Amino acid sequence: MLLDILISPAWAQQGGEGPSMLPMIFMMVLIFAVMYFMVIRPQSKRNKAHRALVAGLSEGDEVLASGGIVGRITGLAEQFVTLEVASDVQVKVQRQSVSAVLPKGTIKGI
């Protein structure tokens, strides 16, 4: 009788089923879905847009490089772009470092 007070008889019984794995699997799927829509999908959309921007570069475009350099494209190569940042001052940067194409006439307003 004293033993029944210290150890509940329900714990001592054998049999019955263990907890179901279905809620845990559902939570894992839910967490993956949230991660996909909040992190993976937006990042892949940004990467796709940047690849399209880099592929569409042409001479005469005014661009902003990732280092903050603003210039007009004077030459294109497979991996590099030549930017004219001032009269008779040209800088070569990697194509991937171009972060934005600016509207025409932006350099004159700076």
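Only a predicted model underlies this, so the values are computations on that prediction, with no experimental measurement involved.

**Student:** Would you mind going over the overall build of the chain with me for this structure?
**Tutor:** A tally of helices and strands in the chain yields four helices and five strands. Ordered by position in the sequence, the α and β elements of the chain form the string α-α-α-β-β-β-β-β-α. For the chain, the residues scored as buried account for 15% of the 110 residues in total. Considering only contacts within the chain whose residues lie at least 6 apart along the sequence, 42% involve residues at least 24 apart.

**Student:** Please clarify how the environment of Gly75 should be interpreted in this entry.
**Tutor:** By secondary structure assignment, the location of Gly75 is in strand 2 (residues 70-76). Along the chain, Gly75 and Glu59 lie 16 residues apart, while their C-alpha atoms are 6.2 Å from each other. Here Gly75 is in contact with Glu59, Phe80, Val81 and Thr82, once residues within four sequence places are set aside.

**Student:** Please clarify how a nonpolar patch on the surface should be interpreted in this entry.
**Tutor:** The grouping of Phe26, Met27, Leu30, Ile31, Phe32, Val34, Met35, Tyr36, Phe37, Met38, Val39 and Ile40 at the surface amounts to a nonpolar patch, some 1200 Å² of accessible area in total. Looking at the secondary structure, you find Phe26 in helix 3 (residues 22-55). On the basis of relative accessibility, which here comes to 56%, the residue Phe26 falls in the exposed class.

**Student:** Teacher, can you tell me more about the pattern of salt bridges here?
**Tutor:** Opposite charge on two side chains lets them pair, provided their charged atoms get close. Counted by the stated rule, this structure contains two salt bridges. Lys104 is the salt-bridge partner of Asp61, the closest N and O atoms lying 3.7 Å from each other. With Asp61 in the loop between helix 3 and strand 1 (62-65) and Lys104 in the loop between strand 5 (98-102) and helix 4 (106-109), the pair connects residues that are 43 residues apart, well separated along the chain. Assessed through its relative accessible area of 13%, Asp61 is described here as buried.

**Student:** So what exactly am I meant to see when it comes to the side chain of Thr82 here?
**Tutor:** Along the chain, the position of Thr82 falls in strand 3 (residues 80-86). Judged by its relative accessible area of 14%, Thr82 is buried.

**Student:** Explain the pairing of strand 2 here, please?
**Tutor:** Consecutive side chains along a regular strand alternate between the two faces of the sheet. Summarising the sheet, strand 1 and strand 2 pair through three bridges and their orientation is antiparallel. Looking at the pairing, Val63 lines up with Gly71 of strand 2. Examined bridge by bridge, strand 2 and strand 3 share four bridges and lie antiparallel to one another. Of the residues in strand 3, the one forming a bridge with Ile73 is Leu83. Counted along the chain from strand 2 to the antiparallel partner strand 3, the turn is three residues long.

Quick notes on the rules
- Residues numbered from 1 in each chain as written.
- Predicted model: local features only at pLDDT ≥ 70, side-chain atom pairs only at ≥ 80, totals over all residues.
- Heavy atoms only, no water.
- Helix = DSSP H or I, 4+ residues; strand = E, 2+ residues; numbered from the N terminus.
- Buried < 20%, exposed > 50% of the residue type's maximum accessible area, 1.4 Å probe, protein only.
- Contact = heavy atoms within 4.5 Å.
- Patch = residues over 30% accessible without salt bridge, like charges linked within 9 Å, V, L, I, M, F, W, Y side chains within 5 Å.
- Areas by Shrake-Rupley, 256 points an atom, 1.4 Å probe, with all protein chains shown as cover.
- Salt bridge = Lys/Arg side-chain N within 4 Å of Asp/Glu carboxyl O.
- Pairing = 2+ DSSP bridges.

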